[in-house]
Amino acid sequence: MRSLVKALEVSARTLLDTRWTHARRAVRDDVDTRSRVLLDSGVVALLESLRPLARWNAPVLEVEYPTHRDLHLEGRGLRLVPSYFCWRRPTALADPALGPVLVYPVTTRPFDSINLHDNGLERLLGRTRASVLTAVARGGPRSTSEVATAVGVALPSASYQLAVLRDGGLVESRREGQFVRHSVTMLGHRLLDKDEGEFR
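This structure is a prediction, so every number in the text was calculated from the model and none was measured.

Reading the values: rules and limits
- One numbering rule holds for all chains: residues counted from 1, following each sequence as written.
- Given that the model is predicted, a residue must reach a pLDDT of at least 70 before its local features are reported, and side-chain atom pairs must reach 80 or more before they are shown or counted; all residues, however, enter totals for whole chains, interfaces and linings.
- Where side-chain values are given, they derive from all heavy atoms of the structure, hydrogens and water being excluded.
- Relative accessibility thresholds used throughout: buried, under 20% of the residue-type maximum; exposed, over 50%; partly exposed, between the two (1.4 Å probe, protein chains only).
- In this text, helices come from DSSP runs of H or I with a minimum length of four residues, and strands from runs of E with a minimum of two, each type numbered from the N-terminal end.
- Two strands are said to pair when DSSP picks up at least two bridges between them.
- Each aromatic pair joins two rings of Phe, Tyr and Trp (for Trp, the six-membered one) with centres within 6.5 Å, and gets the label stacked for planes under 30 degrees apart, edge-to-face for over 60, and tilted for any other angle.
- Placement of a charge over a ring requires the Lys NZ or Arg CZ to be within 6 Å of the ring centre, with the centre-to-atom vector within 35 degrees of the ring normal.
- Basic side-chain nitrogens of Lys or Arg form a salt bridge, by our definition, when they fall within 4 Å of a carboxyl oxygen of Asp or Glu.
- Residue-level confidence of the predictor, termed pLDDT, takes values from 0 up to 100.
- Working rule for contacts: check all heavy atoms of both residues, and any pair within 4.5 Å makes them a contact.

What to know about the pairing of strand S5 (residues 101–105)
Consideration 1: Among the five residues in S5, five count as buried, and that is most of the element.
Consideration 2: Here S5 shows no split at all, with Val101, Val103 and Pro105 on one side and Leu102 and Tyr104 on the other all buried.
Consideration 3: Looking at chain direction, strand S3 (residues 79–83) and S5 are connected through five bridges and run parallel. Bridged to Ser83 within S5 is Pro105.
Consideration 4: Examined bridge by bridge, strand S4 (residues 91–92) and S5 share two bridges and lie antiparallel to one another. In the sheet register, Ala92 faces S5, and the bridge partner there is Leu102.

As structure tokens, this is what we get:
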């Protein structure tokens, strides 16, 4: 047992310690994104946001799974757990006596790790628009002036770029008092996740 514990400690130091902050940020970003979807659009939108990992086909959440398995909630809630170490497809806890849990892979990297230079996102959107999208993702809901300051562009330019991103379904905007706050949609997060920077 002591040998096993020592081996686990060594492997954790070697394999996990260098990536632990990165992994925690990726999970936090995913929780923040899903929470915004839930608060803004409700449970159905939250379940739909799990695509392509899962499909909401009311009243059933269909998940690609290696074996055929039905999990009936029977009035219980379903806990969604994002995992940095869950690969390819979601998984459920094996013990049916425990509460229903669906563990799914995080769909976004920490946004402060995104490098815009020499990647597909910049080529697809253009440098300024890609910078605006990334600035909104990094900072959570931001006002137009905050985005302009973060990117280093004039306010009218930031407003125009945000409008284009909003029309493309990558950003959503909401008025809060005298400000309009912008946040990245799930489609925008998926686009950021697929750039050619540092992959999970």
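Side note on the packing of aromatic side chains
Consideration 1: Inspection of every chain in the model, using the stated rule, returns one aromatic pair.
Consideration 2: Both rings, one in Tyr84 and one in Phe85, keep their centres 5.3 Å apart while their planes meet at 80°; by these two values the pair is edge-to-face.
Consideration 3: Over the aromatic face of Phe179 sits the side chain of Arg181, whose NZ or CZ is 5.4 Å from the ring centroid.

A short note on the pattern of salt bridges
Consideration 1: All told, the structure shown has four salt bridges when counted by the stated rule.
Consideration 2: For Glu146, the salt bridge identified is with Arg181, shortest N-O distance 3.1 Å. Here Glu146 is found in helix H6 (residues 144–151), whereas its partner Arg181 is found in strand S8 (residues 179–184), with 35 residues between them in sequence.
Consideration 3: Salt bridges here are not isolated pairs; linked through shared partners, they connect Glu146, Glu176 and Arg181.

A closer look at the sheet that holds S4
Consideration 1: With mixed pairing, three strands are arranged side by side in an open sheet as S3-S5-S4. Edge positions in the sheet fall to S3 and S4, since each of these pairs with one other strand and no more.

Overview of the confidence of the model for the chain
Consideration 1: Averaged over all residues, the pLDDT of the chain is 79; the fraction at 70 or higher stands at 87%.
Consideration 2: Mean pLDDT values over the elements of the chain span from 74, in helix H4 (residues 120–125), up to 90, in helix H1 (residues 2–16).
Consideration 3: Taken as a whole, residues 110–118 scores under 50 in pLDDT and shows 28 contacts with residues more than four places along the chain or in a different chain.
Consideration 4: Across residues 195–200 the pLDDT falls below 50, and counting only partners more than four positions away or on other chains, this stretch makes 22 contacts in the model.

Thoughts on the sheet that holds strand S6 (residues 142–143)
Consideration 1: Read across the open sheet, the three strands follow the order S6-S8-S7; overall the sheet is antiparallel. On the outer flanks of this sheet lie S6 and strand S7 (171–176), each paired with one strand and no other.

Quick notes on the environment of Leu16
Consideration 1: You can see Leu16 is positioned in helix H1.
Consideration 2: The exposure class assigned to Leu16 is partly exposed, which follows from its relative accessible area of 31%.

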